[in-house]
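Okay, here's what each chain looks like letter by letter:
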Amino acid sequence: MTLVQETAEIMNKMPRHSQALVLDLLRVMNYSAMPFKRTGKSKFNLPPDFDEHFDDSNEEIASMFCGEFF
């Protein structure tokens, strides 16, 4: 399954309101004058293993948009 197919499948499972929020977010990110950066230039005190565990929250984030289907 390609990334586009997977995205379409996930979006189809979302309520229309959530789909609209995702599209609005993508539009803002697309037209932003500054490139999106995960942490940017700031004084974050991230744990040393942050990058190793960053993707661990994917299911939690997805459930905020799509509900509990994982």
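None of the values given here were measured: they were computed from a predicted structure. (Residues numbered from 1 in each chain as written. Predicted model: local features only at pLDDT ≥ 70, side-chain atom pairs only at ≥ 80, totals over all residues. Heavy atoms only, no water.)

Visitor: Would you take a moment to explain a nonpolar patch on the surface for this structure?
Guide: Among the surface-exposed residues, Leu 21, Ile 61, Met 64 and Phe 65 lie close enough to one another that they form a single nonpolar patch of about 370 Å² accessible area. Broken down by element, the nonpolar patch gets its largest block of residues, three residues, from helix α4 (residues 58–66). Note on placement: Phe 65 falls in helix α4. (Patch = residues over 30% accessible without salt bridge, like charges linked within 9 Å, V, L, I, M, F, W, Y side chains within 5 Å. Areas by Shrake-Rupley, 256 points an atom, 1.4 Å probe, with all protein chains shown as cover. Salt bridge = Lys/Arg side-chain N within 4 Å of Asp/Glu carboxyl O. Helix = DSSP H or I, 4+ residues; strand = E, 2+ residues; numbered from the N terminus.)

Visitor: How do you make sense of helix α2 (residues 16–31) when you look at a structure like this?
Guide: Helical geometry note: an α-helix holds 3.6 residues per turn, so side chains three or four residues apart project in the same direction. With 16 residues, α2 ought to run about 22 Å at 1.5 Å a step, and its terminal C-alpha atoms sit 23 Å apart, in line with that. All buried positions along α2 are accounted for by Ser 18, Gln 19 and Val 22. Buried residues of α2, seen end-on, are gathered within an arc of 105 degrees and therefore sit on one face of the element. For α2, the exposed residues lying more than 90 degrees away from the buried face are Arg 16, His 17, Val 28 and Tyr 31. Against α1 (3–13) and α4 lie the buried residues of α2. (Expected span 1.5 Å × (residues − 1). Buried < 20%, exposed > 50% of the residue type's maximum accessible area, 1.4 Å probe, protein only. Arc of directions from axis to C-beta. Contact = heavy atoms within 4.5 Å.)

Visitor: Even after reading the chapter, I still don't get the confidence of the model for the chain, so can you show me in this structure?
Guide: Predicted coordinates in areas of low pLDDT are best not read in detail. Scored by pLDDT, the chain comes out at a mean of 77, with 77% of its residues at no less than 70. The spread of mean pLDDT over the elements of the chain runs between helix α3 (residues 50–53), the lowest at 77, and α1, the highest at 90. (pLDDT = per-residue confidence, 0-100.)

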